[in-house]
Amino acid sequence: MSSGLKKLAVDCIPPATVAAVVAFWMLAPAAITANPWTSLVVNSVVTALVLGLELVFERHKDWRINREEFFTDLFYFVLINTVIGRMAYLLSEAPLRALKESWGIATPWAAEMPFLAQVALIVFLWEFGQYWMHRLMHNWEPFWLTHAPHHHITQLNAMKGAVGNPIELFLISLGVVALFDVSPAAYLCAFGVTNAVATFAHANVRSDPPLFYSYIFTTIRQHSFHHSVGYENTRCNYGNSLILIDRMFGTYKEGEGILVGQDDRRRLTIWEQFVFPFKPLFERRKDNSPNAAG
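Counting of residues starts from 1 at the beginning of each chain's written sequence and follows it residue by residue. In view of the model being predicted, local features appear only for residues whose pLDDT reaches at least 70, and side-chain atom pairs are presented and counted only at 80 or more, with totals across whole chains, interfaces and linings using the full set of residues. Side-chain measures here rest on the full set of heavy atoms in the structure, leaving out hydrogens and waters.

Novice: Tell me about the overall build of the protein, residues and numbers included.
Specialist: Of regular secondary structure, the protein possesses 17 helices and zero strands. Just to be clear, the radius of gyration here is over C-alpha atoms, and the globule rule we use is 2.2 Å times residues to the power 0.38. At 20 Å, the protein has a C-alpha radius of gyration in line with the 19 Å of a compact globule built from 294 residues. Its C-alpha atoms give the protein principal-axis dimensions of roughly 70 × 60 × 35 Å. When the 294 residues of the protein are sorted by exposure, 47% land in the buried category. Throughout, a residue-residue contact means that at least one pair of heavy atoms, one from each residue, lies within 4.5 Å. A fraction of 78% describes how many contacts in the protein between residues 6 or more apart in sequence connect residues 24 or more apart. Shrake-Rupley sampling with a 1.4 Å probe provides the accessible areas, and residues are treated as covered by the protein chains on show and by no other component. Here the protein has roughly 14700 Å² of accessible surface; of this, 66% comes from carbon and sulfur atoms. Distance from the positive charge centre (23 side chains) to the negative charge centre (24 side chains) of the protein: 3 Å. Each helix corresponds to a stretch of at least 4 residues labelled H or I by DSSP, and each strand to a stretch of at least 2 residues labelled E; elements are numbered beginning at the N terminus. The classification of residues rests on relative accessible area computed with a 1.4 Å probe and restricted to protein chains. Under 20% of the type maximum is buried, over 50% is exposed, and intermediate values are partly exposed. Neither His nor the chain termini are counted; the positive set is Lys and Arg, and the negative set is Asp and Glu. Working definition for charges: the position is that of NZ of Lys, CZ of Arg, CG of Asp or CD of Glu.

Novice: Describe in detail the pattern of salt bridges, supporting the description with residues and values.
Specialist: Think of a salt bridge as a Lys or Arg side-chain nitrogen and an Asp or Glu carboxyl oxygen that are within 4 Å of each other. Using the criterion set out here, one finds 13 salt bridges in the structure. Between Glu58 and Arg64 there is a salt bridge, and its shortest N-O distance comes to 2.6 Å. A salt bridge links Glu272 to Arg266, with the shortest nitrogen-to-oxygen separation between them at 3.2 Å. Taking relative accessible area as the criterion, Glu272 reaches 27% and is therefore assigned partly exposed.

Novice: Got a sec to walk through empty space enclosed by the protein? Specific residues and values, please.
Specialist: Here a cavity denotes grid points, spaced 1 Å and computed from the protein atoms alone, that fit a 1.4 Å probe unable to get out, and a pocket denotes an open set having protein on both sides within 12 Å along at least 5 of 7 lines; residues with an atom within 4 Å of a point are the lining. Grid points are joined across faces, edges and corners, and a volume is the space filled by probe spheres set on the points. All told, the structure shown has one cavity of 30 Å³ or more when counted by the stated rule. What the largest cavity holds in volume is close to 60 Å³. Looking at the largest cavity, the residues that line it are Pro14, Phe200, Val205, Ser207, Pro209, Tyr213, Thr218, Thr219 and Ile220. Looking at side-chain class alone, the lining of the largest cavity contains six nonpolar, three polar and no charged residues. Side-chain classes are defined by residue name, with Ala, Val, Leu, Ile, Met, Phe, Trp, Tyr, Cys and Pro counting as nonpolar, Asp, Glu, Lys and Arg as charged, and the others, Gly among them, as polar.

Novice: I'd like a description of a nonpolar patch on the surface, backed by residues and values.
Specialist: Residues form patches when they are more than 30% accessible in relative terms and have no salt bridge. Like charges link within 9 Å. Nonpolar side chains (Val, Leu, Ile, Met, Phe, Trp, Tyr) link within 5 Å. Together, Val83, Met87, Tyr89, Leu90 and Leu91 give the surface a local cluster of nonpolar side chains, amounting to about 450 Å² of exposed area. Its place among the elements puts Val83 in helix H6 (residues 83–103).

Novice: Talk me through helix H4 (residues 38–56); I want residue IDs and the actual numbers.
Specialist: The α-helix winds at 3.6 residues per turn, so residues separated by three or four positions along the chain end up facing the same way. The first and last C-alpha atoms of H4 sit 27 Å apart over 19 residues, in line with the 27 Å expected at 1.5 Å per residue. Buried within H4 are the following residues: Thr38, Ser39, Val42, Asn43, Val46, Thr47, Val50, Leu51, Leu53 and Glu54. Close packing links the buried residues of H4 with helix H2 (13–27), helix H3 (30–33), helix H5 (67–81) and helix H11 (184–201). Helix span is expected to be 1.5 Å times the residue number reduced by one.

Written out as structure tokens, the structure is:
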């Protein structure tokens, strides 16, 4: 295979993966799509695939994953798919579904849409909310304090999208898509799509998808620029999966980041990530202590 064809093949891996995820949820038997474990298995397979691609098609050698990075990322991957996911269901999705039922909220027009249209609807509604939450986190200090730990990562890898303070991980798990009547398979497919896109957008994979993908979906090149060193450089390309929304609202910037991180690229431990939002309180308490006065 010529180098040009090989590059094209690698560049098409993200859109091919998204297409495979959609095909699975659209064609798999109901007995499989209805299984509560299926979504986790599909997302885990995609993540494992992308981790493998990092070994074969490495983008930057300085982002090469090591044992410490892998197990830290794995900790957060498990956390967001267990504790955070359960909290989001109990405190957000379940109450919304109960409210929908008690108020008689119905969207029959959504239920009547073709499968792919239902998936596109949920992806856009979810990402629209994510965009504004993400933008808020970069423009209001209380929210930035919850999100900043995610920007203290000093390299990008497949599971890095799950790394962050638990408060932020909970906040980005909130949405209103539970109010819409779509098929369960379309609902899970939409999150399978956003997971696949976001995984590639954080991965150390030498893949630059064609314009038909990169104009709509977020890529590693665009998202790495969002992770660039310096706070002001992070205030763009907010779309976790849909960079199209940045294009719509004028926050898109072209470029790629190689050096990523904040505060002189200091990597935080898990404990430091967990307590980061409370740093101002600790510092204030320290300043008010008798020892500080003396």
